[in-house]
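One letter stands for each residue in the lines below.
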Amino acid sequence: MSDVMDYKSRLSDPASRKFETFSYLPAMNADDIRKQVEYLVKKGWNPAIEHTEPEHLMDSYWYMWKLPMFGETDVDRILSEAEACHKANPNNHVRLVGYDNFAQSQGAAMVIYRGKTV
């Protein structure tokens, strides 16, 4: 049996905190983010952009950037909104959410821009 790796994520160490699946990987570049947006659009999910301060990333409340983009299929428009949120809140984590109308839940949620850790 192989050993399980401990990622040593601790509340007392903000730099070590893991907050979603992709946070265990290197930060996404522009091509990776585009692929995730394309996936959401292909699935028919409604994209939304949220952000929060790094010290509050474990809270269940994130600030919504404008309203969800109901029915938006233009990948470039979604990316420009995510970039606008990041530019307006450069120290915050910014996440992309895909709302699934049929399941009445989030189909995906991932941090696409990481804020500065304390």
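Within an unreviewed UniProt entry, the label attached to the chain reads Ribulose bisphosphate carboxylase small subunit, and the organism entered is Thiobacillus sedimenti. Under Sequence similarities (unreviewed entry), UniProt gives the following word-for-word description of the chain: "Belongs to the RuBisCO small chain family." UniProt, in the comment section headed Subunit (unreviewed entry), describes the chain in these words: "Heterohexadecamer of 8 large and 8 small subunits."

J.: Would you mind going over the nonpolar core with me for this structure?
T.: Across soluble globular proteins, you tend to see nonpolar side chains buried next to one another. Core analysis: the biggest nonpolar cluster contains 20 residues, and Ile33, Val37, Ile49, Leu96 and Ile112 have the highest contact counts within it. Of all elements in the fold, only helix H1 (30-43), helix H2 (75-88), strand S3 (93-100) and strand S4 (105-113) reach the threshold of two or more residues within this core. No other element matches the 5 residues that H2 contributes to this core. Excluding residues that lie within four positions of it along the chain, valine 37 makes contacts with Val75, Ile78, Leu79 and Leu96.

J.: Would you mind showing me how to read the sheet that holds S3 here?
T.: Within a sheet, each strand pairs with its neighbour through backbone hydrogen bonds, oriented either parallel or antiparallel. Strand order in the open sheet formed by 4 strands is S2-S1-S3-S4, and the pairing between neighbours is antiparallel. Since the sheet does not close on itself, it has two edges, and those belong to strand S2 (63-65) and S4, each with one partner. The average undirected angle you get between the axes of adjacent strands in this sheet is 35 degrees. Taken together, the 7 bridges between strand S1 (residues 46-52) and S3 define a ladder with antiparallel strand orientation.

J.: I tried to follow the pairing of S4 on my own but got confused; where do I start?
T.: Where S3 meets S4, 7 bridges bridge the pair, whose relative direction is antiparallel. Bridge pairing in S4 links tyrosine 99 to glutamine 106. With antiparallel pairing between neighbouring strands as the criterion, S3 and S4 make up a hairpin whose turn holds 4 residues, including glutamine 104 at a positive phi of roughly 55 degrees.

J.: Please clarify how the environment of alanine 109 should be interpreted in this entry.
T.: With respect to the element layout, alanine 109 can be found in strand S4. The partly exposed category is assigned to alanine 109, whose relative accessible area is 31%. For the pair alanine 109 and glutamate 50, spaced 59 residues apart in the sequence, the C-alpha separation amounts to 9.7 Å. Sequence-distant contacts of alanine 109, that is, excluding residues within four places in its chain, are made with Glu20, Leu96 and Val97.

J.: It is not clear to me how the side chain of glutamine 36 should be interpreted in this structure. Could you clarify?
T.: With respect to the element layout, glutamine 36 can be found in helix H1. The class for glutamine 36 is buried, based on a relative accessible area of 19%.

J.: How do you make sense of H2 when you look at a structure like this?
T.: Side chains that are three or four residues apart share a direction in an α-helix, a result of its 3.6 residues per turn. Across its 14 residues, H2 extends 20 Å between first and last C-alpha, which sits within 8% of the 20 Å expected from 1.5 Å per residue. Every buried residue belonging to H2 is among Val75, Ile78, Leu79, Glu81, Ala82, Cys85 and His86, and all of these are buried. Down the axis, H2 shows its buried residues gathered within 160 degrees of arc, on one side only. Those residues of H2 hidden inside the fold are in contact with H1, S1, S2, S3 and S4. With a side-chain oxygen positioned 3.0 Å from the backbone nitrogen of aspartate 76, the residue opening H2 is aspartate 74.

Calculation rules
Residues numbered from 1 in each chain as written. Predicted model: local features only at pLDDT ≥ 70, side-chain atom pairs only at ≥ 80, totals over all residues. Heavy atoms only, no water. UniProt positions renumbered as here; feature names shortened; annotations may be inferred. Core = buried A, V, L, I, M, F, W, Y, C linked by side-chain atoms within 4.5 Å. Buried < 20%, exposed > 50% of the residue type's maximum accessible area, 1.4 Å probe, protein only. Helix = DSSP H or I, 4+ residues; strand = E, 2+ residues; numbered from the N terminus. Contact = heavy atoms within 4.5 Å. Pairing = 2+ DSSP bridges. Axes fitted to C-alpha atoms, helices over the stretch in contact; angles between N-to-C directions. Expected span 1.5 Å × (residues − 1). Arc of directions from axis to C-beta. Polar contact = N/O pair within 3.5 Å; in protein donor to acceptor, adjacent residues only side chain to side chain.

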